[in-house]
Amino acid sequence: VLSAYLQRGGKLLVLADPGEKHNLAPLLKTVGIEFSNTYVVSVGVQVEGMGPQAVVALDFEQNSEITKPFVSGNTFALFFLSAEMRKSPNAPADLQVMDILRTSPRSMSLAELSETAKRGEMRVYSLAATSKGKLKDKDGKPSEKEFAVVAFGDSDFATNKLSNQATNLNLMMNAIASLSGEADLISVRPKQPKATKLLLTSGSWLGVVSASILLPTMLMILGSVVWFRRRSA
């Protein structure tokens, strides 16, 4: 169904997690994108509290309208349990396939999440790729309309948990704007001011409540005493 949709010039956003049986790899291969069903982990750059499974993408492709607004080295995108999503070595020459988001060289892949898992080489990994062009039917005839695919090797970066991290939300919104043909909406959106939250322990909360009751009471008593003494003088 998805293949036929692309044949008709469809626009497809793919968020494919590793270790899941979604069977999207063969479909992506037809558009020149290779989904490697392995886990990309960071070795040199780690996010506090998230471990090596949190992968930081630092290199943004400047020839892609999706990632062009982001300057490499000044910001980052944060992924969790991501697979490699890159241009296939056998990508059709008539399709425009591009890696748009890359990790630092201090990254590697794991076949599975275990200490004994087979490790891939230490290198730069692509976490997102795009493809567009006209697919050919069984007779080799290209379709009339051009398709477009934006594929990420992770879905967690777009969830509520991580969407507020660095460029994650902007990255997702830019991908949607690009697929929908709304190029004027592609940008780095201003950050909304965050409300200041005061977190109190049960002891602190009790102290604040007690102070808010005792202090006014003491002031009222002290004021009454002073007023009574002056009146009696």
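Up top is the structure these notes are about.
Summary of the structure given here. None of the values given here were measured: they were computed from a predicted structure.

## What to know about the nonpolar core
Stage number 1. Grouped together as the largest cluster of nonpolar side chains are 25 residues, with contacts concentrated most on Ala77, Phe79, Leu101, Phe152 and Leu171.
Stage number 2. Counting residues per element, the ones that place at least two in this core are strand S2 (33-42), strand S3 (54-60), strand S4 (77-80), strand S6 (96-103), strand S7 (107-110), strand S8 (126-133), strand S9 (147-152) and helix H3 (168-179).
Stage number 3. For this core, the element with the most residues is H3, which contributes four residues.
Stage number 4. Aside from chain neighbours lying at most four places away, what touches Leu171 is Ile66, Thr67, Phe70, Ala77, Phe79, Leu101, Phe152 and Phe157.
Stage number 5. Core analysis: the next-biggest nonpolar cluster, separate from the first, contains 20 residues, Ala16, Val31, Phe35 and Leu135 among them.

## Brief notes about the environment of Leu28
Stage number 1. With respect to the secondary-structure elements, Leu28 resides in helix H2 (residues 25-30).
Stage number 2. When the C-alpha positions of Leu28 and Ala151 are compared, they lie 8.4 Å apart, and in sequence the two are 123 residues distant.
Stage number 3. Apart from residues lying up to four places away in sequence, Leu28 is in contact with Val14, Ile33, Phe35, Met85, Val149 and Ala151.

## Some remarks on helix H4 (residues 202-232)
Stage number 1. In a regular helix each residue adds 1.5 Å, so 31 residues correspond to 45 Å; H4 covers 45 Å between its end C-alpha atoms and thus fits that length.
Stage number 2. Among the 31 residues of H4, zero are classified as buried, and the element is accordingly described as predominantly exposed.

## What about unusual backbone geometry?
For residues that are not glycine, phi is negative in most cases, and the peptide bond is trans in most cases.
Stage number 1. Not every positive phi belongs to a glycine, and Asn23 is a case in point at roughly 55°.
Stage number 2. With respect to the element layout, Asn23 can be found in the loop between strand S1 (11-15) and H2.
Stage number 3. Overall, the relative accessible area of 66% leaves Asn23 in the exposed class.

## Brief notes about the pattern of salt bridges
Oppositely charged side chains may form a pair once their charged atoms are brought near each other.
Stage number 1. Applying the stated criterion to the full structure yields six salt bridges.
Stage number 2. Here Glu61 makes a salt bridge to Arg102, at a shortest N to O gap of 3.1 Å. A residue pair is termed long-range when its members are at least 10 positions apart, and Glu61 in the loop between S3 and S4 and Arg102 in strand S6 qualify at 41 residues. The two residues Glu61 and Arg102 agree in class, both being buried.
Stage number 3. Its salt-bridge partner being Arg123, residue Glu84 comes within 3.1 Å of it at the nearest N-O pair. Residue Glu84 is found in strand S5 (residues 82-87), and its partner Arg123 is found in the loop between S7 and S8; the two are separated by 39 residues along the sequence.
Stage number 4. The class for Glu84 is buried, based on a relative accessible area of 5%.
Stage number 5. What makes Arg123 partly exposed here is its relative accessible area of 22%.

About the cut-offs
Residues numbered from 1 in each chain as written. Predicted model: local features only at pLDDT ≥ 70, side-chain atom pairs only at ≥ 80, totals over all residues. Heavy atoms only, no water. Core = buried A, V, L, I, M, F, W, Y, C linked by side-chain atoms within 4.5 Å. Buried < 20%, exposed > 50% of the residue type's maximum accessible area, 1.4 Å probe, protein only. Helix = DSSP H or I, 4+ residues; strand = E, 2+ residues; numbered from the N terminus. Contact = heavy atoms within 4.5 Å. Expected span 1.5 Å × (residues − 1). Salt bridge = Lys/Arg side-chain N within 4 Å of Asp/Glu carboxyl O.

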